[in-house]
Amino acid sequence: MKKLYITMIGLAFLNGLCYTVQAQKKPVAVSATDKKVDALIAKMSLEEKVGQMTEVTSDVVSKSGGGAHELDPDKLKEAIMKYHVGSILNVTGTAYERSHWYDVISQIQKAADQDRLKIPVIYGIDAIHGVTYTVGSTLFPQEIALAATFNKSLAHKMGEITAYETRASYIPWNYSPVLDLGRSALWPRIYETLGEDPYVVKTMGAEIIKGYQGNDVGDKYHVAACMKHYLGYSFPLSGKDRTPSWIPDRYMREYFLPSFAEAVKAGAKTLMINSGEINGVPVHASKYLLTDVLRGELHFDGIAVTDWRDIQYLHDRHHVAATQKDAVMIAVNAGVDMSMVPYDYTFYTYLIELVKEGKVSIARVNEAVHRILKVKYELGLFERPVGNPDDYPKFGSDEFRQASVQAANEAITLLKNNNHVLPLKKDIKVLVTGPTANTMRSLDGGWSYTWQGDLSDKFAAGKNTILEAIQQKIGKDNVTYAAGASFDSLQNIDETVKAAKNADAIVLCLGELSYTENVGNIDDLNLPGAQTQLALELAKTGKPVILVLAEGRPRIVTDAESKSAATIMAYLSGNEGGDAIAGVLFGDVNPSGRLSITYPRYPNALVNYYRKNLENGNPDDKHGYNPLYEFGYGLSYTTFSYSNLQISKPELKDNETLTISVDVKNTGQMEGKESVLLYISQLYASIAPDTKRLRAFDKISLKPGETKTVTFKITPKDLAFVNDVSKTVTEAGAFKIQLGDQTQSFNYVSAKDQPSRTGRL
């Protein structure tokens, strides 16, 4: 009966898919590390193996109650000696000094050294834009802002610095980067993503991974990356975190899978699984996604770890397992290697029973344990389970801070600048107002010192809020501050309007307070009414309103934005965000960010830029594509012109490369940086083609009057899409290139494809 039950689950999932690919066997060379792992596994008991697959939180091995965090020696001994726990993750509620982290990790590894086989514990942490839980660390802009830089070298540098400071906290495993596609503006974790474009996500994500892991992940300055959340986590129907998604297999492969495929190519050592369900099947129960696709197609051979309690949720939330023991059986057989349990040892107990009962094979356990131990060897944990405190003199250094400054400077996106109101002069009187003006929480966001980022004002007290940065920029005597509104209610509005009348310009800071995961769920994408009302009242004064949006997702600001003279998207720009915003406002920084998401005009008009080209079929539709600002949009204080778009040949054939070049000139009076975005559109295909897709990008710096030629190389593979039977194909036909205001066309000619349905120029 149980076999029938599991079969029915598998069939239900497969019925929702267009096409299933059988796992493909790929010969794997046996390395010296593999031989070490195999030798160690041969010595291990079943209990020791299952222990390696078990991950608990630091709370499980810590003393309870208030006060400073302290490990409990008896609980730690139980975890290591009785249950042979292979991993511990951090969820403590505050940030600590490096010295505290040294004590914590040292105690854990000393306990592991007392176990029979002396296998070190791998400690994991969410350091998604810098080291979240260490005092004095370098916090970068969140990923949504990092993507807006369109600067691959900055993504790599952020990865390098975060890895250095994570290892400086004696932690070797980082649950980052987030490679989910940020398609839904409602989703509370969209700020953790690299935006809505699959090419940007996969390209910038791979650079972060290379920065984290370096050329030798086992050296003292790098960490194991964890690509997450595999797969389709970011597109729930409701927009709420961890609620069901419905994503056809073709659609999944076209938009959501590429970033993970690229991450595997970049060498990512570990992967975290999507907490949600797709087409009614929890991903933690999907052998198709966890084994057939992940292992068979992508050839990923690292650790697949669950997210928080997600095996237990197969029973409690998803109701696909009749018991908790069945949940363990389903998940491990599907392909889970390590369970973030996280509060008890039930996974350990159930899995041992299942192996003894023959319901989970010892081969499946050995496979999982091999992956876990291999990563531990590759990280050098057997030789160096705890780092040397003296090896990290650059922790929190000004050198690292400057990298965060540059990232924030290049992320800030200027969306509107009527009559060149910006940059402001430094000798004017400014009113600074709004709920995001004087808190670091709206610059750092979640995963900053704590899970929800609610202590950023304490731990980042030495950093500048937007208000403080403006005061430093032009002097406190030239700045008046009035809150005007909290995030959801008006405050001293009359006083604020009165102050506005005495100012030359108003810097109105609107947006969101920090949050993450389900805590950030909302029912209304509109900006809270009090913030909009504040904007409208200030606009009545006739003074120029400079709207600064500090937010983790594009809240609907259409009414407020219509009254602004200038609009700046600040995203969650990190600890240096206040200074970056002030630098842009007063002209010390020339903005070069471009939107990494499409900013909607209305709450029911959430459409990505690469939508299907439906307007041409219904030109009278007044409710067609009409965003407030499109992906890739961003202004500068200088101007750029594009010219001389060239292609190397009018026809691209199999196994050939098309070279595309364009001249970009700075036609203004200020040095500036320009993100050069290459879009390509397929005019006709067997699947209705996207309007356009970003296929390459580069960022250049130009002095006034300077011209640079930017060159891209495109192959037929770069033009591919996933067809109606889930195969990745490049079909013959006509294509259009767009670079700035320049366009050019070419044909792809393939001996494999019939030209019907694809057209020719």
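The shown structure was predicted, so the numbers you read here are calculated from the model rather than taken from an experiment.

Rules behind the numbers
- Residues numbered from 1 in each chain as written.
- Predicted model: local features only at pLDDT ≥ 70, side-chain atom pairs only at ≥ 80, totals over all residues.
- Heavy atoms only, no water.
- Axes fitted to C-alpha atoms, helices over the stretch in contact; angles between N-to-C directions.
- Helix = DSSP H or I, 4+ residues; strand = E, 2+ residues; numbered from the N terminus.
- Left-handed = near helix turned anticlockwise from the far one by under 90°.
- Contact = heavy atoms within 4.5 Å.
- Buried < 20%, exposed > 50% of the residue type's maximum accessible area, 1.4 Å probe, protein only.
- Pairing = 2+ DSSP bridges.
- Salt bridge = Lys/Arg side-chain N within 4 Å of Asp/Glu carboxyl O.
- Phe/Tyr/Trp six-rings, centres within 6.5 Å; stacked < 30°, edge-to-face > 60°.
- Lys NZ or Arg CZ within 6 Å of the ring centre and 35° of its normal.

1. So, the packing of helix α7 (residues 152-167) against helix α16 (residues 398-411)
As a packed pair, α7 and α16 sit with axes 10 Å apart at the nearest point and diverge in direction by 145°. Between α7 and α16 lies a crossing whose hand is left-handed. Packed against α7, whose contacting residues are Leu-154, Lys-157, Ile-161, Tyr-164 and Glu-165, the element α16 presents Phe-400, Ala-403, Gln-406, Ala-407 and Glu-410 at the interface.

2. Here's the deal with the pairing of strand β21 (residues 693-702)
Along any regular strand the residues' side chains alternate between the sheet's two faces. Counting buried positions over the 10 residues of β21 gives eight, a clear majority of the element. Bridge count for strand β20 (residues 672-682) against β21 is nine bridges, and the pairing is antiparallel. Residue Leu-677 lies in a different strand from β21, and its bridge partner there is Phe-697.

3. So, the side chain of Ser-573
Within the secondary structure, Ser-573 sits in the loop between β16 (566-569) and α23 (577-585). The residues touching Ser-573, leaving out its near neighbours within four places in the chain, are Phe-140, Pro-141, Ala-408, Ile-412, Leu-443 and Ile-581.

4. Some words on unusual backbone geometry
In the segment running from Ser-176 into Pro-177, the intervening peptide bond is cis, with an omega of 10°. Look at the link from Val-341 to Pro-342: it is a cis peptide, with omega at 0°. Examined against the element boundaries, Pro-342 turns out to sit in the loop between β10 (339-340) and α14 (346-356). Phi is positive for Ser-726, which is not a glycine, with a value near 65°.

5. Some remarks on the pattern of salt bridges
Any two side chains of opposite charge can pair if their charged atoms end up close together. Counted under the stated rule, the structure contains 45 salt bridges. The residue Glu-254 makes a salt bridge to Arg-693 at a minimum N-O spacing of 2.9 Å. Remark: Arg-693 occurs in strand β21 and Glu-254 occurs in helix α9 (residues 249-256); sequence separation between them is 439 residues. Arg-693 sits in the buried class, given a relative accessible area of 7%. One salt bridge in this structure joins Asp-588 and Lys-473, with 2.9 Å as the shortest N-O distance. Within this pair, whereas Asp-588 is found in the loop between α23 and β17 (640-647), its partner Lys-473 is found in helix α19 (residues 466-474), the two being separated by 115 residues in sequence. For Asp-588, a relative accessible area of 44% gives the class partly exposed. Residue class for Lys-473 comes out partly exposed when judged on its relative accessible area of 28%. Via salt bridges that share partners, Arg-189, Glu-192, Asp-241, Arg-242, Asp-307 and Glu-517 belong to a single interconnected network.

6. Concerning the packing of aromatic side chains
A complete count under the given rule lists 29 aromatic pairs for this structure. Through pairs of rings, three or more aromatic residues link up here, namely Phe-150, Tyr-199, Phe-235, Tyr-251, Tyr-255, Phe-256, Tyr-609, Tyr-610, Phe-631, Tyr-679 and Phe-697. If you follow Arg-183 out to its NZ or CZ, it ends over the ring of Phe-235, 5.2 Å from the centre. Sitting above the plane of the Tyr-610 ring, Arg-693 keeps its charged end 5.5 Å from the centroid.

7. What about the pairing of strand β19 (residues 658-666)?
Among the nine residues that make up β19, seven are buried, leaving the element largely enclosed by the rest of the structure. Of the strand pairs in this sheet, β17 and β19 are connected by six bridges, and their pairing is antiparallel. What sits directly across from Tyr-642, in β19, is Val-664.

8. Comments concerning the sheet that holds strand β14 (residues 505-511)
Ordered by their spatial adjacency, six strands build an open sheet running β11-β16-β15-β14-β12-β13, and the pairing between neighbours is mixed. Either end of the sheet is taken by a strand with one partner, and the two such strands are β11 (413-417) and β13 (479-482). Mean inter-strand twist for the sheet, computed between neighbouring axes without regard to direction, equals 20°. When β14 meets strand β15 (residues 545-550), the two strands line up parallel, connected through six bridges. Its bridge partner lying in β15, Leu-510 is registered against Leu-549. Against the sheet, helix α20 (residues 493-501) contacts β12 (430-433), β13 and β14, and its axis sits at roughly 155° relative to β12.

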